2 protein chains.
Amino acid sequence: MSTFENVSVQKEANVYFGGNVTSRTLTLPDGSVLTLGIMLPGEYEFGTGKPELMEIYDGELDILLPGESAWQTIHGGQSFNVGGDTKFQVRVKSITDYCCTYLDA
Amino acid sequence: MSTFENVSVQKEANVYFGGNVTSRTLTLPDGSVLTLGIMLPGEYEFGTGKPELMEIYDGELDILLPGESAWQTIHGGQSFNVGGDTKFQVRVKSITDYCCTYLDA
């Protein structure tokens, strides 16, 4: 099992879509912020503030990125980027374990 | 928001009961281990290895502790202890955000 070391973790969870998407917020030693989360099967639309790097640790989902017309299938071990101040859609096909890193614009 | 500082966090989630219960494992600077987790509404039975302190950050559940015949209702802000090498049952009534600390016997 790989780990994040020397991090700060917010105790209270982030809960979205009635608990179908939940996460914990971590702050790394360099000040960068990420969330470790779980998405249960379902369809969700997310809004971004900062640009995001979404790393999929496990699971399978389809994504529709802003400005695109074709859905892409993403599996555990793959990642994708999303721009800032935009929206993207996901169709989660199996329980998805992810890490969302907020990037400086 | 309160935080845990200078901790190690396992990247991969712990996933139980088809994703209805998920958690992340943290190791604190003193070496103690805890999990921060979410339980969605439902009925679950958990087995313990080490004794556990269950702190409920948010939510509502009923618990049946080993050796007891009466269920107790636990709300956010409350906590309960469970012995080691035993089982306990929960009936989660609303999304429950918890912290499970593993105690030395």
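Reading the values: rules and limits
Residues numbered from 1 in each chain as written. Chains lettered and ligands numbered in written order. Predicted model: local features only at pLDDT ≥ 70, side-chain atom pairs only at ≥ 80, totals over all residues. Heavy atoms only, no water. UniProt positions renumbered as here; feature names shortened; annotations may be inferred. Contact = heavy atoms within 4.5 Å. Buried area = accessible area lost by both parts, 1.4 Å probe. Salt bridge = Lys/Arg side-chain N within 4 Å of Asp/Glu carboxyl O. Polar contact = N/O pair within 3.5 Å; in protein donor to acceptor, adjacent residues only side chain to side chain. Helix = DSSP H or I, 4+ residues; strand = E, 2+ residues; numbered from the N terminus. Nonpolar A, V, L, I, M, F, W, Y, C, P; charged D, E, K, R; others polar. Pairing = 2+ DSSP bridges. Phe/Tyr/Trp six-rings, centres within 6.5 Å; stacked < 30°, edge-to-face > 60°. Buried < 20%, exposed > 50% of the residue type's maximum accessible area, 1.4 Å probe, protein only. Lys NZ or Arg CZ within 6 Å of the ring centre and 35° of its normal. Least-squares fit on C-alpha atoms with pLDDT ≥ 70 in both.

Going by an unreviewed UniProt entry, chain A carries the name Pyrimidine/purine nucleoside phosphorylase and comes from Sulfurimonas diazotrophicus. What the UniProt record of chain A gives under Sequence similarities (unreviewed entry) is the line "Belongs to the nucleoside phosphorylase PpnP family." Looking at the Function (unreviewed entry) heading of the UniProt record, one finds this comment for chain A: "Catalyzes the phosphorolysis of diverse nucleosides, yielding D-ribose 1-phosphate and the respective free bases. Can use uridine, adenosine, guanosine, cytidine, thymidine, inosine and xanthosine as substrates. Also catalyzes the reverse reactions."

Peer 1: So what about the interface of chain A and chain B? Which residues, and what values?
Peer 2: The partner chain B presents 27 residues to the 27 residues of chain A that form the contact. Interface of chain A and chain B: buried area, both sides summed, is about 2500 Å²; carbon and sulfur atoms make up 60% of it. Area buried by chain A at its contact with chain B is led by Val 9, Lys 11 and Arg 24 of chain A, which between them contribute 23% of it. Summed over the shared surface of chain A and chain B, the number is two salt bridges. For the salt bridge of Arg 24 of chain B with Asp 97 of chain A, the shortest nitrogen-to-oxygen distance reads 2.7 Å. Counting across the interface, chain A meets chain B through 17 residue pairs in polar contact (both at pLDDT 80 or more). Elements supplying a minimum of two residues to the side of chain A that touches chain B: β1 (3–10), β3 (21–27), β4 (33–39) and β9 (87–102) of chain A. Looking at the side of chain A that touches chain B element by element, the count peaks at eight residues for β1 of chain A. For the side of chain A that touches chain B, the residue count by class is 13 nonpolar, nine polar and five charged. Pairing analysis gives five bridges linking β1 of chain A to strand β1 (residues 3–10) of chain B, with the strands arranged antiparallel. Each residue of the ladder has a partner; that of Val 7 of chain A, found in β1 of chain B, is Val 7 of chain B.

Peer 1: I'd like to hear about the packing of aromatic side chains, residue by residue, with values.
Peer 2: One pair of aromatic rings is described through two measures. These are the centre distance and the angle between the planes. Per the stated rule, a full pass over the model turns up 10 aromatic pairs over all chains. Between the aromatic rings of Phe 17 of chain B and Phe 46 of chain B, the centroid separation amounts to 5.7 Å while the plane-to-plane angle is 90°, which identifies the pairing as edge-to-face. With a gap of 29 residues between them, Phe 17 of chain B in the loop between β2 (14–16) and β3 (21–27) and Phe 46 of chain B in strand β5 (residues 42–47) connect regions that are remote in the sequence. Since its relative accessible area comes to 16%, Phe 46 of chain B is described here as buried. The lysine or arginine in question, Lys 11 of chain A, covers the ring of Phe 4 of chain B, its NZ or CZ lying 4.6 Å from the ring centre. Its end group placed over the ring of Trp 71 of chain B, Arg 91 of chain B keeps NZ or CZ at 3.7 Å from the ring centre.

Peer 1: So what's going on with the relation of the copies chain A and chain B? Residues and values would help.
Peer 2: Once turned by 180° and shifted 0.0 Å along the axis, chain A lies on chain B with an RMSD of 0.0 Å. Expressed as an axis order, the relation between the two copies is that of a two-fold axis. Among all residues of chain A, the one whose C-alpha sits closest to the rotation axis is Asn 6 of chain A, at a distance of 2.0 Å. Mapped onto chain B, 100% of the interface residues of chain A again fall at the interface, so both copies present the same surface.

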